Amino acid sequence: MIVVFLGPPGAGKGTQAKLLSQRMGFYHLSTGDILREAVKKQTPLGIKAKEYMDRGELVPDSLIIALIEEYLPEKGGVILDGFPRTIAQAEALESMLNAKGKKLSKVILFDSPDEAIIDRLSGRRVCSSCGALYHVKYNPPKKDEICDFCGGSLVQREDDKEAVVEKRLEVYRKQTEPLIDFYRKKNIIYRLDATKGVEELFSELEGIIKDDG
Ligand code: ADP
Ligand code: AMP
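In this text, all values refer to a predicted model and were calculated from it rather than measured experimentally.

### Some thoughts on the side chain of Arg 120
Along the polypeptide, Arg 120 turns up in helix H6 (residues 114–123). Buried and unpaired, Arg 120 has Asp 119 as its nearest opposite-charge partner, separated by 6.2 Å.

If you want it as structure tokens, here you go:
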């Protein structure tokens, strides 16, 4: 089963994908996480991607499509978190899956107004060591600035700073939002009100994913 998580930055896609991976065994494929790892290691992909990410722009489609070709597992449940983000990426995914005799099962739209997104992004903190997600108000660590799981230090992502957030929202509206119509026409899109709490969203999501109808 292949499920796409679509929605603006900060809507809670990564949080829910991590829960689905822990509780239901889905493979969590986050293009953002793979790119950040590549940036950290200064691989050729990381060096190219960094300039786009720092500006809040999308990394070119050709790089992202090659990355998905490399990381998409052959078997098992997969959550695609943060991919596709353009029509060209969605079309490339479709042909990749067609070639393997597979198709996309469901697209989940994490719908959220801008105020909620800005609140989520400005308070997001990430463990610099294991990548666990926190929020200063909604999911604070037990000890200030320290990861509950591994003791790593918590940091704010560079692109969560105010100047870049505005650009990322603009990019989402222009380049990614057209995917809602693209998938609506295929009748595989399900909307979630992403302003709800983590556990409430998880149970709605679980219901959608388990429903075969
Ligand atoms: P995305 O992957 O869509 O960019 P994240 O999952 O990283 O979003 O969530 C953004 C921030 O909002 C994080 O700090 C996270 O802890 C917090 N968060 C995620 N889901 C919720 C929720 N349902 N309610 C409150 N805060 C949330
Ligand atoms: P995310 O972690 O999903 O918020 O992504 C962080 C950044 O990585 C984005 O702002 C983009 O610069 C880049 N990125 C992640 N996924 C994609 C994608 N599918 N297409 C293009 N750029 C991406």
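### Re the sheet that holds strand S1 (residues 2–6)
The strand order S2-S3-S1-S4-S8 describes an open sheet built from 5 strands, whose pairing is parallel. Each of the sheet's edge strands pairs with one partner strand only, and the pair in question is strand S2 (27–30) and strand S8 (189–193). Put simply, the sheet's adjacent strands are angled 20 degrees from each other on average, direction ignored. Set on the sheet, helix H2 (residues 31–41) makes contact with S2 and strand S3 (78–81); between it and S2 the angle comes to about 65 degrees.

### What to know about the site of ligand 1
Close to ligand 1 lie 18 residues, the nearest being Gly 10, Gly 14, Thr 15, Arg 124 and Tyr 134. Interatomic distance of 3.0 Å between a backbone N/O atom of Gly 12 and an oxygen atom of ligand 1. At a separation of 2.8 Å, an oxygen atom of ligand 1 approaches a polar backbone atom of Gly 14. Of the residues in the shell around ligand 1, the class split is 8 nonpolar, 6 polar and 4 charged.

What counts as what
Residues numbered from 1 in each chain as written. Chains lettered and ligands numbered in written order. Predicted model: local features only at pLDDT ≥ 70, side-chain atom pairs only at ≥ 80, totals over all residues. Heavy atoms only, no water. Helix = DSSP H or I, 4+ residues; strand = E, 2+ residues; numbered from the N terminus. Buried < 20%, exposed > 50% of the residue type's maximum accessible area, 1.4 Å probe, protein only. Lys, Arg positive; Asp, Glu negative; His and termini not counted. Salt bridge = Lys/Arg side-chain N within 4 Å of Asp/Glu carboxyl O. Pairing = 2+ DSSP bridges. Axes fitted to C-alpha atoms, helices over the stretch in contact; angles between N-to-C directions. Contact = heavy atoms within 4.5 Å. Near = heavy atom within 4 Å. Polar contact = N/O pair within 3.5 Å; in protein donor to acceptor, adjacent residues only side chain to side chain. Nonpolar A, V, L, I, M, F, W, Y, C, P; charged D, E, K, R; others polar.

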